[in-house]
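In case you want the letters, here they are:
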Amino acid sequence: MRERWRAIGVLAAALFLVNVVARLVIRFGFPDDDAASDRVSWLMFLVIGLILAVLAFRWGQDRPVGRWSADLAGAVAVALALTVFVGPLLVGENPFGGGAGLFFAQIWLYLAAVAAGVAVGYLILTALGRDHRSRQLKRYAELKAAKPRRVVRR
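Now for a quick tour of the structure. (Residues numbered from 1 in each chain as written. Predicted model: local features only at pLDDT ≥ 70, side-chain atom pairs only at ≥ 80, totals over all residues. Heavy atoms only, no water.)

### Quick word on the packing of helix 1 (residues 2–29) against helix 2 (residues 34–62)
- Relative to each other, helix 1 and helix 2 sit at 165 degrees, their axes nearing to 9 Å. Comparing the axis directions of helix 1 and helix 2 gives the class roughly antiparallel. As for the relative orientation of helix 1 and helix 2, their crossing is right-handed in sense. Touching Ala 7, Leu 11, Leu 15, Val 18, Asn 19, Ala 22, Val 25 and Ile 26 of helix 1 are Ser 37, Val 40, Ser 41, Met 44, Val 47, Ile 48, Ile 51, Leu 52, Leu 55 and Trp 59, all from helix 2.
- Residue composition of the contact of helix 1 with helix 2, grouped by class: 15 nonpolar, 3 polar and no charged. (Axes fitted to C-alpha atoms, helices over the stretch in contact; angles between N-to-C directions. Helix = DSSP H or I, 4+ residues; strand = E, 2+ residues; numbered from the N terminus. Parallel < 35°, antiparallel > 145°, perpendicular 65-115°, else oblique. Left-handed = near helix turned anticlockwise from the far one by under 90°. Contact = heavy atoms within 4.5 Å. Nonpolar A, V, L, I, M, F, W, Y, C, P; charged D, E, K, R; others polar.)

What follows is the structure in C-alpha cells.
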C-alpha cells in the first residue's frame with residue numbers, strides 16, 4: 001500500500017514540476033511575448049499528456065483498470081490543485097489575477113491533456129492486446145485449451 005501512495009505522490013510531483021518548469025521558462029525566457037508563452041503552455045500540456053499516456057500504457061499491463069485509473073485520478077487531482085493554486089504564486093502571480101475565465105481555462109485545458117494522454121495510452125495498450133484484462137482472458141483460454149477433453153462413457 002505504501003508503494004502505491006508513493007507512486008501517486010511521485011506522479012503528482014512530476015506533473016507539478018512540468019508546470020513549474022513551463023512557468024519559469026515563460027517568466028524568465030519570454031516575459032512579454034504572448035505567442036511564445038502560448039507555445040510553451042501547449043508544450044507543457046503535451047508533455048503532461050505524454051507522461052500520462054506512458055503511465056496508462058505501463059500500469060495498464062499489470063493492474064486492473066479500476067486500480068490504475070484511481071491512482072492516476074488521485075495524482076492528477078493533487079497536481080491540478082498545485083498547478084492552479086500554487087504554481088502562479090511561485091512566479092509572483094495571483095492565481096485569480098487573470099480572472100475567472102483564465103482560471104477555469106487552465107483547469108479545462110489540463111483535464112483535456114490528461115484525458116487525451118490517458119486515452120491514447122490505454123487505447124494503444126488495448127489495441128496491442130497487452131492490457132490486464134486481455135492478458136487474463138488469454139491465460140484463461142490457454143488453460144482451458146491445455147486440459148484434455150473428458151470422455152463421457154455411457
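### Section: a nonpolar patch on the surface
- Nonpolar side chains collect at one region of the surface, where Val 78, Leu 82, Phe 85, Val 86, Leu 90 and Phe 96 lie side by side and expose about 510 Å² of accessible area between them.
- Inspection of the secondary structure assignment puts Leu 82 in helix 3 (residues 65–90).
- When its relative accessible area of 30% is taken as the criterion, Leu 82 is described as partly exposed. (Patch = residues over 30% accessible without salt bridge, like charges linked within 9 Å, V, L, I, M, F, W, Y side chains within 5 Å. Areas by Shrake-Rupley, 256 points an atom, 1.4 Å probe, with all protein chains shown as cover. Salt bridge = Lys/Arg side-chain N within 4 Å of Asp/Glu carboxyl O. Buried < 20%, exposed > 50% of the residue type's maximum accessible area, 1.4 Å probe, protein only.)

### Comments concerning the nonpolar core
- Membership of the largest hydrophobic core comes to 27 residues, with the highest contact counts inside it found for Leu 11, Leu 15, Ile 48, Leu 52, Leu 72 and Tyr 110.
- Elements with a minimum of two residues in this core: helix 1, helix 2, helix 3 and helix 4 (100–127).
- When residues of this core are assigned to their parent elements, the largest contribution, 8 residues, is made by helix 2.
- Filtering out sequence-adjacent residues up to four positions away, Ile 48 remains in contact with Leu 15, Val 18, Tyr 110 and Val 114. (Core = buried A, V, L, I, M, F, W, Y, C linked by side-chain atoms within 4.5 Å.)

### As for the pattern of salt bridges
- Taken as a whole and assessed by the stated rule, the structure comprises 4 salt bridges.
- For Arg 58, the salt bridge goes to Asp 62, with nearest N and O atoms at 3.8 Å. In this pair, Arg 58 and Asp 62 are both assigned in helix 2, 4 residues apart and thus about one turn of the helix distant.
- Taking relative accessible area as the criterion, Asp 62 reaches 41% and is therefore assigned partly exposed.

### Quick look at the side chain of His 132
- If you trace the backbone, His 132 turns up in helix 5 (residues 132–146).
- For His 132, the contacting residues outside a window of four places in its chain are Gly 60, Gln 61, Asp 62, Arg 63 and Pro 64.

### Thoughts on the packing of aromatic side chains
- Counted under the stated rule, the structure contains 6 aromatic pairs.
- The interplanar angle of 40 degrees and the centroid separation of 4.9 Å between the aromatic rings of Phe 96 and Phe 103 together place this pair among those described as tilted.
- Note on Phe 103 and Phe 104: the rings are 5.2 Å apart at their centroids and 80 degrees apart in plane angle, and the pair reads as edge-to-face.
- For Phe 103, a relative accessible area of 8% puts it in the buried group.
- Given the relative accessible area of 45%, Phe 104 is considered partly exposed.
- Positioned above the aromatic ring of Trp 59, the side-chain terminus of Arg 63 is 4.6 Å from the ring centre. (Phe/Tyr/Trp six-rings, centres within 6.5 Å; stacked < 30°, edge-to-face > 60°. Lys NZ or Arg CZ within 6 Å of the ring centre and 35° of its normal.)

### Brief notes about helix 3
- Taking 1.5 Å per residue, 26 residues should reach 38 Å; helix 3 reaches 35 Å between its end C-alpha atoms and fits that length.
- Along helix 3, the helix axis deviates most sharply at Thr 83, where the bend reaches about 40 degrees.
- Of the residues making up helix 3, those classed as buried are Trp 68, Asp 71, Leu 72, Ala 75, Val 76, Ala 79, Leu 80, Thr 83, Val 84, Gly 87 and Pro 88.
- Two residues or fewer past helix 3, Gly 92 is found with a positive phi of approximately 80 degrees. (Expected span 1.5 Å × (residues − 1). Bend = angle between axes of the 7 residues up to and from the residue.)

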